Amino acid sequence: MMKILFVAGSNHPSATSTNLSLYLERLARAQGFDTSFCNLHAEPLPFYSPQGIGAEEANVRAFKRQLQEADAIVLASPEYHGSISGVLKNALDFASQDDFRGKPVLSVSSAGGAVGVSSLQQLQAIVRNLHGINAPEWLSIGSAQRRPFEKASHGDYEVESSIEDRIHRVLGSFLTLARALGSHKTHA
Ligand SMILES: Cc1cc2nc3c(=O)[nH]c(=O)nc-3n(C[C@H](O)[C@H](O)[C@H](O)COP(=O)(O)O)c2cc1C
């Protein structure tokens, strides 16, 4: 079974980007995908160090293992100053091209403004540098669209139909890409 890793890149316990990720995870599971979830608030990582300090910490090892086991990855971030959160960037600094190569990646953001496209562009630049495969679509919720996701509710949300349609379409095209690439995967 194909496995999708969701990385929730906020340092807030019930961030809208985290709750949106839980909603997406639930939809992916309903479509028969295996999933894993890394909430960087609940499982914080130390500051990345090029000298390898902290690399043996349990949360770092668990995150690296989740990356390696994933066939596809969803990266979710709050939009901070037109960019991604510090905790997500820090987490991605622990990743290497071996963790991302050939894997489809969906970028997701939550923004105070209408949509958070700057953070998505920057996420896609990071994915490209990690040799992941950026999904053709991306997903951002902004402003009042965040309201249903303000409370944690185990991935079960009442979402307005136009936003729900967009979420289903974007996730659907990502899962189609994941299946297409997964069916060609060669096991070394
Ligand atoms: C430090 C900081 C910087 C922010 N910068 C932006 C920004 O540049 N553009 C924007 O639309 N919203 C900005 N916001 C608002 C957040 O994007 C918004 O609250 C979003 O819902 C946070 O996502 P979360 O609920 O997943 O934490 C900023 C918030 C903070 C705390």
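In this text, all values refer to a predicted model and were calculated from it rather than measured experimentally. (Residues numbered from 1 in each chain as written. Predicted model: local features only at pLDDT ≥ 70, side-chain atom pairs only at ≥ 80, totals over all residues. Heavy atoms only, no water.)

Let us look at the site of the ligand. Contacts to the ligand come from 14 residues, most closely from Thr-16, Ser-17, Glu-79, His-81 and Gly-113. In this structure, Ser-17 approaches the ligand through a side-chain N or O atom, which is 2.5 Å from an oxygen atom. Gly-82 places a main-chain nitrogen or oxygen 2.9 Å from an oxygen atom of the ligand. For the ligand, whose accessible area on its own is 630 Å², the fraction buried by protein is 65%. Where the shell around the ligand is concerned, the elements lending two or more residues are α1 (16-30) and β4 (104-111). Its residues placed into classes, the shell around the ligand shows 4 nonpolar, 8 polar and 2 charged. (Near = heavy atom within 4 Å. Polar contact = N/O pair within 3.5 Å; in protein donor to acceptor, adjacent residues only side chain to side chain. Areas by Shrake-Rupley, 256 points an atom, 1.4 Å probe, with all protein chains shown as cover. Helix = DSSP H or I, 4+ residues; strand = E, 2+ residues; numbered from the N terminus. Nonpolar A, V, L, I, M, F, W, Y, C, P; charged D, E, K, R; others polar.)

Before going further, it helps to spend a moment on the packing of α1 against helix α6 (residues 161-182). Between two packed helices, both the angle of their axes relative to each other and the distance between the axes serve to describe the pair. Relative orientation of the contacting elements α1 and α6 amounts to 60°, with a least axis distance of 11 Å. Classed by the angle they form, the pair α1 and α6 counts as oblique. In this structure, α1 meets α6 at a crossing whose hand is right-handed. Within the contact between the two elements, α1 uses Leu-20, Tyr-23, Leu-24, Leu-27 and Ala-28 and α6 uses Glu-164, Ile-167, His-168, Leu-171 and Leu-175. For the contact of α1 with α6, the per-class residue count stands at 8 nonpolar, 1 polar and 1 charged. (Axes fitted to C-alpha atoms, helices over the stretch in contact; angles between N-to-C directions. Parallel < 35°, antiparallel > 145°, perpendicular 65-115°, else oblique. Left-handed = near helix turned anticlockwise from the far one by under 90°. Contact = heavy atoms within 4.5 Å.)

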